[in-house]
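Each chain is listed here by its residues.
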Amino acid sequence: MPWDGTPVQLYIILDFAQSERQNGTEPPIVYTEKTIGTMFFEEEDAVLRYREIHACLKQSALAEQPSRDLLRQVARRYEQ
């Protein structure tokens, strides 16, 4: 199911590199912060959902220079 644009709390997707001391890698985890606490999601479906949200946000974001231009344009409106 594609992301519908519902607001998302701060999140970090943690991917772990393979360690020479272990026979494999640790699975990825999503760390989220809420108003009254934090949560960790380890389930594959939950991690995939956050990856989909991240991809959608990344695709929708402006590049660096257009972002700066837009911020300047909005700031000028409030200078007057």
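Further up the page is the structure itself.
Notes on the structure in this doc start here. Predicted model only: the values in this text are computed from it and were never measured. (Residues numbered from 1 in each chain as written. Predicted model: local features only at pLDDT ≥ 70, side-chain atom pairs only at ≥ 80, totals over all residues. Heavy atoms only, no water.)

**Quick word on the environment of Phe-16**
Part 1 of the argument: Here Phe-16 is to be found in the loop between strand S1 (11–14) and strand S2 (29–34).
Part 2 of the argument: Of the residues examined, Phe-16 reaches a relative accessible area of 38% and is grouped as partly exposed.
Part 3 of the argument: The sequence separation of Phe-16 and Pro-28 amounts to 12 residues, and the corresponding C-alpha distance is 6.5 Å.
Part 4 of the argument: Those residues in contact with Phe-16 that sit more than four places away from it in its chain are Thr-25, Glu-26, Pro-27 and Ile-29. (Helix = DSSP H or I, 4+ residues; strand = E, 2+ residues; numbered from the N terminus. Buried < 20%, exposed > 50% of the residue type's maximum accessible area, 1.4 Å probe, protein only. Contact = heavy atoms within 4.5 Å.)

**Some words on the pattern of salt bridges**
Side chains that differ in sign of charge can pair as their charged atoms come close.
Part 1 of the argument: Counted by the stated rule, this structure contains 4 salt bridges.
Part 2 of the argument: With its nearest N and O atoms 3.5 Å apart, the salt bridge here joins Arg-72 to Asp-69. Placement of both Arg-72 and Asp-69 in helix H2 (residues 64–79) is noted, with a separation of 3 residues, approximately one turn of the helix. (Salt bridge = Lys/Arg side-chain N within 4 Å of Asp/Glu carboxyl O.)

**A word on the nonpolar core**
Part 1 of the argument: Counting residues in each nonpolar core, the largest one holds 7 residues, listed as Tyr-11, Val-30, Phe-41, Ala-46, Val-47, Tyr-50 and Ile-53.
Part 2 of the argument: Element by element, the count of residues in this core is highest for helix H1 (residues 44–60), at 4 residues.
Part 3 of the argument: Excluding residues within four positions of it along the chain, Tyr-11 makes contact with Val-30, Tyr-31, Thr-32, Tyr-50, Ile-53, His-54 and Leu-57. (Core = buried A, V, L, I, M, F, W, Y, C linked by side-chain atoms within 4.5 Å.)

**Quick notes on the sheet that holds S1**
Part 1 of the argument: Taken in spatial order, the 3 strands of this open sheet run S1-S2-S3, and their pairing is antiparallel. Lying at the two open borders of the sheet, with one neighbouring strand each, are S1 and strand S3 (37–41). Strand-to-strand twist across the sheet, computed as the mean angle between neighbouring axes with direction ignored, equals 15 degrees.
Part 2 of the argument: Where S2 meets S3, 5 bridges bridge the pair, whose relative direction is antiparallel. Considered in S3, the bridge of Lys-34 is made with Gly-37.
Part 3 of the argument: In this fold H1 packs onto S1, S2 and S3, with an angle of close to 115 degrees to the strand it touches most, S1. (Pairing = 2+ DSSP bridges. Axes fitted to C-alpha atoms, helices over the stretch in contact; angles between N-to-C directions.)

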